[in-house]
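In case you want the letters, here they are:
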Amino acid sequence: QEYLVESGGGLVQAGDSLRLSCTALRDSFRSYARGWFRQAPGKEREYVATIDWSGSKSYYADSVKGRFTISRDNAENTVFLQMNNLTREDTAVYYCAASQTTTVLTTPDYWGQGTQVTVSS
């Protein structure tokens, strides 16, 4: 069953910005910790960022810290990933994720279908 829908991916130049969105289709997700992962060709899926249910706590992988910002709008049941100063190393399929915990995204219980981000230089 579909629970998470991502959007906002595309083709950009190095140094540009993108904002990804992930909307949950069930009200219960408003109280779930949520986050983002990504997978580049030939590589394993890696953690990018996570946010608690209220939006008051967020965490980032070292590779994106200072460039990416995760946020959420629980009224819209949507999580965002603002990506600034993109590089070719950010090229990947980005996946929205959620777990049934409230404070920390542990092992995701739900995944979106992914949205492609391609950065050229």
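See the structure above.
Only a predicted model underlies this, so the values are computations on that prediction, with no experimental measurement involved.

### Overview of the overall build of the protein chain
Here comes step 1: Scanning the protein chain for helices and strands turns up zero helices and 11 strands.
Here comes step 2: In the protein chain, the succession of α and β elements from N to C terminus is β-β-β-β-β-β-β-β-β-β-β.
Here comes step 3: Taken over the C-alpha trace, the protein chain has a radius of gyration of 13 Å; the compact-globule value for 121 residues is 14 Å, and the two agree within 12%.
Here comes step 4: In terms of overall dimensions, the protein chain has C-alpha extents of about 40 × 30 × 25 Å along its principal axes.
Here comes step 5: Put simply, the protein chain has 121 residues, and 43% of those count as buried.
Here comes step 6: In the protein chain, the proportion of contacts linking residues at least 24 apart, taken out of those at least 6 apart, comes to 55%.

### Regarding the state of the cysteines
Here comes step 1: Counted according to the given criterion, the structure contains one disulfide.
Here comes step 2: Disulfide partner of Cys-22: Cys-96, at an S-S distance of 2.0 Å. Across the disulfide from Cys-22 to Cys-96, rotation about the S-S bond amounts to roughly -85 degrees, and the bridge is consequently left-handed. Remark: Cys-96 occurs in strand S9 (residues 92–99) and Cys-22 occurs in strand S3 (residues 18–24); sequence separation between them is 74 residues.
Here comes step 3: Using a relative accessible area of 0% as the deciding quantity, one classes Cys-22 as buried.
Here comes step 4: The class for Cys-96 is buried, based on a relative accessible area of 0%.

### A word on the packing of aromatic side chains
Here comes step 1: Summed over the entire model, instances satisfying the criterion amount to seven aromatic pairs.
Here comes step 2: The ring of Tyr-95 has Arg-45 lying over it, and the distance from NZ or CZ to the ring centre is 3.8 Å.
Here comes step 3: The ring of Trp-111 carries Arg-45 above its face, with NZ or CZ at 4.7 Å from the centroid.

### Topic: the sheet that holds strand S8 (residues 78–83)
Here comes step 1: The four strands are arranged S1-S3-S8-S7 in an open sheet whose pairing can be described as antiparallel. In the strand order of this sheet, the two ends are held by strand S1 (4–7) and strand S7 (68–73), each with one partner. Recorded for the sheet is a direction-independent mean angle of 15 degrees between the axes of neighbouring strands.
Here comes step 2: Here six bridges tie S3 to S8, and the two strands are oriented antiparallel to one another.

### A short note on the side chain of Glu-6
Here comes step 1: Tracing the sequence through the fold places Glu-6 in strand S1.
Here comes step 2: As a buried residue without a salt bridge, Glu-6 has its nearest oppositely charged side chain in Arg-45, at a separation of 7.8 Å.
Here comes step 3: One polar contact links the side chain of Glu-6 to the main-chain amide nitrogen of Cys-96, over a distance of 2.7 Å.
Here comes step 4: If near-sequence neighbours (up to four positions away) are discounted, Glu-6 is found in contact with Ser-21, Cys-22, Trp-36, Tyr-94, Tyr-95, Cys-96, Gly-112, Gln-113, Gly-114 and Thr-115.

### Digging into the pattern of salt bridges
A side chain of one charge can pair with a side chain of the opposite charge if their charged atoms are brought near each other.
Here comes step 1: Applying the stated rule across the entire model yields five salt bridges.
Here comes step 2: Between Arg-38 and Asp-90 there is a salt bridge, and its shortest N-O distance comes to 2.9 Å. Of the two residues, Arg-38 is situated in strand S4 (residues 33–39) and Asp-90 in the loop between S8 and S9; the sequence distance between them amounts to 52 residues.
Here comes step 3: For Arg-38, a relative accessible area of 5% gives the class buried.
Here comes step 4: Connected through shared salt-bridge partners, Arg-38, Glu-46, Arg-67 and Asp-90 make up one network.

The rules behind each value
For every chain, the first residue of the written sequence is number 1, and numbering continues from 1 onward in sequence order. Only residues with pLDDT of 70 or above have their local features reported here, since the model is predicted, and side-chain atom pairs are shown and tallied only from 80 upward, although totals for entire chains, interfaces and linings are computed over all residues. Hydrogens and waters are ignored; side-chain quantities use all the structure's heavy atoms. Numbered from the N terminus, helices here are DSSP runs of H or I no shorter than four residues, and strands are runs of E no shorter than two. Only the C-alpha atoms count toward the radius of gyration. The rule for a globule is 2.2 Å times the residue count to the power 0.38. With a 1.4 Å probe rolled over the protein chains alone, any residue whose accessible area is under 20% of its type maximum counts as buried; one over 50% counts as exposed, and the rest are partly exposed. Throughout, a residue-residue contact means that at least one pair of heavy atoms, one from each residue, lies within 4.5 Å. Two cysteine sulfurs form a disulfide in these notes if their separation is within 2.5 Å. Here a pair means two rings of Phe, Tyr or Trp (six-membered ring of Trp) with centres within 6.5 Å. Their orientation is stacked below 30 degrees between planes, edge-to-face above 60, and tilted elsewhere. Comment: the charge-over-ring label is applied if NZ (Lys) or CZ (Arg) is within 6 Å of the ring centre and within 35 degrees of the ring normal. Here, any two strands with at least 2 DSSP bridges between them count as paired. Angles here are taken between N-to-C directions and fall from 0 to 180 degrees, while the axes themselves are lines fitted to C-alpha atoms, restricted in helices to the stretch in contact. Positive: Lys, Arg. Negative: Asp, Glu. His and the chain ends are not part of the count. The term salt bridge refers to a pairing of a side-chain nitrogen on Lys or Arg with a carboxyl oxygen on Asp or Glu at a separation within 4 Å. Polar contact is the term for a pair of N or O atoms within 3.5 Å; when the atoms are in protein, one must be able to donate a hydrogen and the other to accept it, and sequence-neighboring residues count only if both atoms are side-chain atoms.

Everything listed here is a matter of geometry and, on its own, says nothing about what the molecule does.
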